[in-house]
Amino acid sequence: MIKAKTKGVYLCVTEQTVFGARTSSSKAPFEVEEVFSLPREESGKLAKQISGFVEAKQNNYVVSNVAISPRSRFMRVFDLDIAARKKNPNYYTDLLKSQFRIDHESHAVGILEADSGAEADLEKGATTRLMFCGASNEDLVKEQNDLVELNVYPSSLEITSVCSMGAILDYSSRFKVEGAILVLEMSAESSQAFIVREGKVDVTRPIPYGIHSMIPVVKQELGLKDEESAQKLFFSNTFDFTEVGPKLLRKLIRELQASTGFYEVQTGQTISHMFLPQLPSKLSWVRQVLAETLGVESLNIDATEWLKSHEVEIGSDVDPGVIDDEWFGLFSLLCPFKAKISNGEEETEQSP
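Note that the coordinates shown come from a computational prediction; the quantities given were computed from them, not determined experimentally.

## Things to note about the packing of helix H6 (residues 215–222) against helix H7 (residues 227–234)
Logical step 1: Running from amino to carboxyl end, H6 crosses H7 at an angle of 100°, the nearest separation of the two axes being 8 Å. The angle between the axes of H6 and H7 places the two elements in the roughly perpendicular class. Every residue of H7 that contacts H6 at Ile215, Pro216, Val218, Lys219 and Leu222 is listed here: Glu227, Ala230, Gln231, Leu233 and Phe234.
Logical step 2: The residue inventory of the contact of H6 with H7, partitioned by class, reads seven nonpolar, one polar and two charged.

## Points about the pattern of salt bridges
Logical step 1: Inspection of the entire model under this criterion finds 18 salt bridges.
Logical step 2: Between arginine 22 and glutamate 34 there is a salt bridge, with its nearest N and O atoms 2.8 Å apart. Placement of the pair is arginine 22 in strand E3 (residues 17–23) and glutamate 34 in strand E4 (residues 30–39), with a sequence separation of 12 residues.
Logical step 3: Arginine 22 sits in the buried class, given a relative accessible area of 14%.
Logical step 4: Between aspartate 79 and arginine 129 there is a salt bridge, and its shortest N-O distance comes to 3.0 Å. Residue aspartate 79 is found in strand E6 (residues 74–79), and its partner arginine 129 is found in strand E8 (residues 129–136); the two are separated by 50 residues along the sequence.
Logical step 5: The exposed category is assigned to aspartate 79, whose relative accessible area is 52%.

## Some remarks on the pairing of strand E10 (residues 180–186)
Logical step 1: Extensive coverage of E10 is indicated by the burial of seven of its seven residues.
Logical step 2: As judged from the four bridges shared by E10 and strand E13 (residues 271–275), these two strands associate in the parallel manner. The partner of isoleucine 181 across the bridge, within E13, is histidine 273.
Logical step 3: As paired strands, E10 and strand E11 (residues 191–197) are joined by six bridges and run antiparallel to one another. Each residue of the ladder has a partner; that of methionine 186, found in E11, is serine 191.
Logical step 4: The hairpin formed by E10 and E11 contains four residues between the paired strands.

How each quantity is defined
Residues numbered from 1 in each chain as written. Predicted model: local features only at pLDDT ≥ 70, side-chain atom pairs only at ≥ 80, totals over all residues. Heavy atoms only, no water. Axes fitted to C-alpha atoms, helices over the stretch in contact; angles between N-to-C directions. Helix = DSSP H or I, 4+ residues; strand = E, 2+ residues; numbered from the N terminus. Parallel < 35°, antiparallel > 145°, perpendicular 65-115°, else oblique. Contact = heavy atoms within 4.5 Å. Nonpolar A, V, L, I, M, F, W, Y, C, P; charged D, E, K, R; others polar. Salt bridge = Lys/Arg side-chain N within 4 Å of Asp/Glu carboxyl O. Buried < 20%, exposed > 50% of the residue type's maximum accessible area, 1.4 Å probe, protein only. Pairing = 2+ DSSP bridges.

Rendered as structure tokens:
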């Protein structure tokens, strides 16, 4: 059975953690009444917490708006070659495989307008700046099975990278953030770098270094006996890695410097800010080290004011301390921001 949805339930499932929120209504305007975060491995506590949001009885499914983080998730911007598309009926699948090394048969793939976030109209082909997004079928099935085990029925299912990117673009537009923004989404084994400017996604780039790539360097720099000990110390939040941070992040920094340097030379635009959505608070030193090394400012998002601009209020029972970057993926689900669709000299709005 499905529990009727009277209140709103929102879940952001990252690789390690589940963030949740209950709201006073399923549609804005509403108030965020309660939030939580729990490790994914604590499935029993998670199921109980989620069911308690709406007092769901045993065997009832909780209807939720969900964002998931499959490990194979991707976003790739590309320019449409209209002539090639007309000649080749398999243009998109061939491009996906040849340029991005992604097999369409084993992946679920969507195509969006890179400048608006709206679903691309492939028949008209009016917009030539497009973006592939998706994940492997295997990972998507696993994520959905994990939700079912938590007695969750998704009324909507998004990829965290996509909804977070839409939120960042919306925020930068509403609050007039000047200059380009480097967005770095760090996962366990890899990262994704994006450069956005003036409400558009200019650059998307996968980087083969993630959070776990720092563990061997921690072992070496601190003279620890094995990587298991290094990993425990790294995630213990008992040691300040800021001083040794540039060494731990050397490979990642090199990749980011290459991407940002090429972008600034090619476009003449300056990258002024950097933002790391969903970065665990215990790794906040990563943000500081990267910003100082790359010579940019951290984008300090005022989540409370941004939510208010979407008629979303933070309730008095919610700890203000959770309003930080680690929770940004969850908050991006709460805001009904819409893609702007060009129509001559005017712009209309289309729901994502």
